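Single-letter residue listing:
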Amino acid sequence: MFQRLASALLATTLGLFASSALAADYGTPDTTAVAVANNADLIIELGAGVSTQPAYEGANNYIVSGFPIVSLQYLNLPGLFEIGSPEESRGGFRLAPSFRFIDKRNAADYPELSGTRALDETYQLGLRAGYEFPIYETFNAEIYGEARYAFGEADGFVGNAGVDFISRPTQAWELKLGPTTSFADNNYMSTYFSVTPIESLASRGRLSAYEADGGFKTVGVRGSARYEFRPNWFINANAAYDRMVGDAKDSPIVKVGSEDQFFAGIGLSHRFSLDLF
């Protein structure tokens, strides 16, 4: 059922993109200028999409799942502070929610994990902070970090950090590419990468007993493209490659799976500009 819904959303998204591409001489209005004229105090982008990703941390097979799109471009609380800018290309300090969902893992579904205990879902919730600054007229860079608390099957703190190089060659296009790394604390790493002696015995020795400690989990590169095909409506495409490092790389879970992790997704979003005060 979920895969049928995901396929329907993907088909609708691609259909919207195709119809917009056939519209001749279509011009995108300066929505950020409109936002300024309307004295917008909040500019936020909301949407959803579908992606393909590893079935579990360190897997060599993939699943399709949904993901939300939440981006805070600008927030103004008069007399207190401003976050971001009404003109997106100006950059500045940005703050946004950060979340991730880790699906359940069951050895009955993945024979390579035979002998390991079943893991329930894990939810991650936190914040993303970044600072974007101009380099050239249509070329910016952003340094960012994310910190999330994991709860559910795994408890602990996880996060990401990286640099995005951003190009906005036209008003309609935004392109991003840059290196990234992820990390996690002892509790999280132990849940997903450790193998207890009992699990090792249950696997008939195929998985060695192993205790994973906290630290860096992956290094990689991420890229994205966003196209405004109608005023305030966007097609979002993204892709990423992560390489397991540290204790994650040495885990028997990863050795029977893959150190190389690939991600790709496409989604639809809408930008809202609100005058709050």
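1. With respect to the overall build of the chain
Regarding its fold elements, the chain presents 6 helices and 11 strands. In the chain, which comprises 277 residues, the proportion classed as buried is 42%. Restricting the contact set of the chain to residue pairs at least 6 apart, pairs at least 24 apart contribute 64%. Accessible surface for the chain amounts to roughly 14,000 Å². Of this, 62% is attributable to carbon and sulfur atoms.

2. Here's the deal with the pattern of salt bridges
Counted by the stated rule, this structure contains 16 salt bridges. Glu146 is the partner of Arg128 in a salt bridge, and the nearest nitrogen-oxygen pair spans 3.9 Å. Linking Arg128 in strand S5 (residues 122-136) with Glu146 in strand S6 (residues 139-152), this pair joins segments that are 18 residues apart in sequence. The class of Glu146 is buried, set by a relative accessible area of 18%. Each of Glu45, Glu88, Arg94, Glu132, Arg168, Glu174, Arg226, Glu228 and Arg271 takes part in one network of salt bridges that share partners.

3. Side note on the pairing of strand S10 (residues 233-244)
Across 12 bridges, the pairing between strand S9 (residues 215-230) and S10 is antiparallel. Of the residues in S10, the one forming a bridge with Glu228 is Phe234. Summarising the sheet, S10 and strand S11 (residues 260-274) pair through 11 bridges and their orientation is antiparallel. Looking at the pairing, Ala237 lines up with Ile266 of S11.

4. Digging into the environment of Ser167
Tracing the sequence through the fold places Ser167 in strand S7 (residues 156-167). Between the alpha carbons of Ser167 and Tyr136 there is a distance of 9.3 Å; along the sequence they are 31 residues apart. When neighbours within four sequence positions are excluded, Ser167 is seen to be in contact with Thr138, Phe139, Trp173, Glu174 and Leu175.

5. A look at the side chain of Ser269
Looking at where Ser269 falls in the secondary structure, it is placed in strand S11. Among the polar contacts listed, one links the side chain of Ser269 to the side chain of Asn236, at a separation of 2.8 Å. Ignoring any residue separated from it by four or fewer positions in sequence, one finds Ser269 in contact with Glu45, Leu46, Gly47, Ile69, Asn232, Trp233, Phe234 and Asn236.

6. Overview of the sheet that holds S5
Taking strand neighbours across the sheet as the criterion, the 11 strands line up as S3-S2-S1-S11-S10-S9-S8-S7-S6-S5-S4 in an open arrangement whose pairing is antiparallel. On the outer flanks of this sheet lie strand S3 (81-84) and strand S4 (92-102), each paired with one strand and no other. Taken over all neighbouring pairs, the strand axes of this sheet differ in orientation by 25 degrees on average, direction set aside.

7. Looking at unusual backbone geometry
Positive phi values are uncommon outside glycine, yet Arg204 reaches one of about 65 degrees. Position of Arg204 among the secondary structure elements: in the loop between helix H4 (197-202) and S9. In this structure, Asn232 takes a positive phi of about 70 degrees despite not being glycine. We classify Asn232 as buried; its relative accessible area is 19%.

8. Details of a nonpolar patch on the surface
Among the surface-exposed residues, Phe93, Tyr131, Phe133, Ile135, Tyr136, Ile143 and Phe165 lie close enough to one another that they form a single nonpolar patch of about 720 Å² accessible area. Among the elements that take part in the nonpolar patch, S5 stands out by supplying 4 residues, more than any other. Locating Phe133 in the fold gives a position in strand S5.

9. Details of the environment of Asn160
Take Asn160: it is sitting in strand S7. Asn160 sits in the buried class, given a relative accessible area of 8%. The sequence separation of Asn160 and Val219 amounts to 59 residues, and the corresponding C-alpha distance is 9.6 Å. If sequence neighbours within four positions are ignored, Asn160 has contacts with Gly145, Glu146, Arg148, Thr181, Ser182, Phe183 and Arg222.

10. Quick look at helix H3 (residues 186-193)
Among all positions in H3, only Tyr188, Met189, Thr191, Tyr192 and Phe193 are buried. All buried residues of H3 fall inside an arc of 160 degrees around its axis, so they share one side. Its side-chain oxygen placed 3.3 Å from the backbone nitrogen of Asn187, Asp185 serves as the N-cap of H3.

The rules behind each value
- Residues numbered from 1 in each chain as written.
- Predicted model: local features only at pLDDT ≥ 70, side-chain atom pairs only at ≥ 80, totals over all residues.
- Heavy atoms only, no water.
- Helix = DSSP H or I, 4+ residues; strand = E, 2+ residues; numbered from the N terminus.
- Buried < 20%, exposed > 50% of the residue type's maximum accessible area, 1.4 Å probe, protein only.
- Contact = heavy atoms within 4.5 Å.
- Areas by Shrake-Rupley, 256 points an atom, 1.4 Å probe, with all protein chains shown as cover.
- Salt bridge = Lys/Arg side-chain N within 4 Å of Asp/Glu carboxyl O.
- Pairing = 2+ DSSP bridges.
- Polar contact = N/O pair within 3.5 Å; in protein donor to acceptor, adjacent residues only side chain to side chain.
- Axes fitted to C-alpha atoms, helices over the stretch in contact; angles between N-to-C directions.
- Patch = residues over 30% accessible without salt bridge, like charges linked within 9 Å, V, L, I, M, F, W, Y side chains within 5 Å.
- Arc of directions from axis to C-beta.

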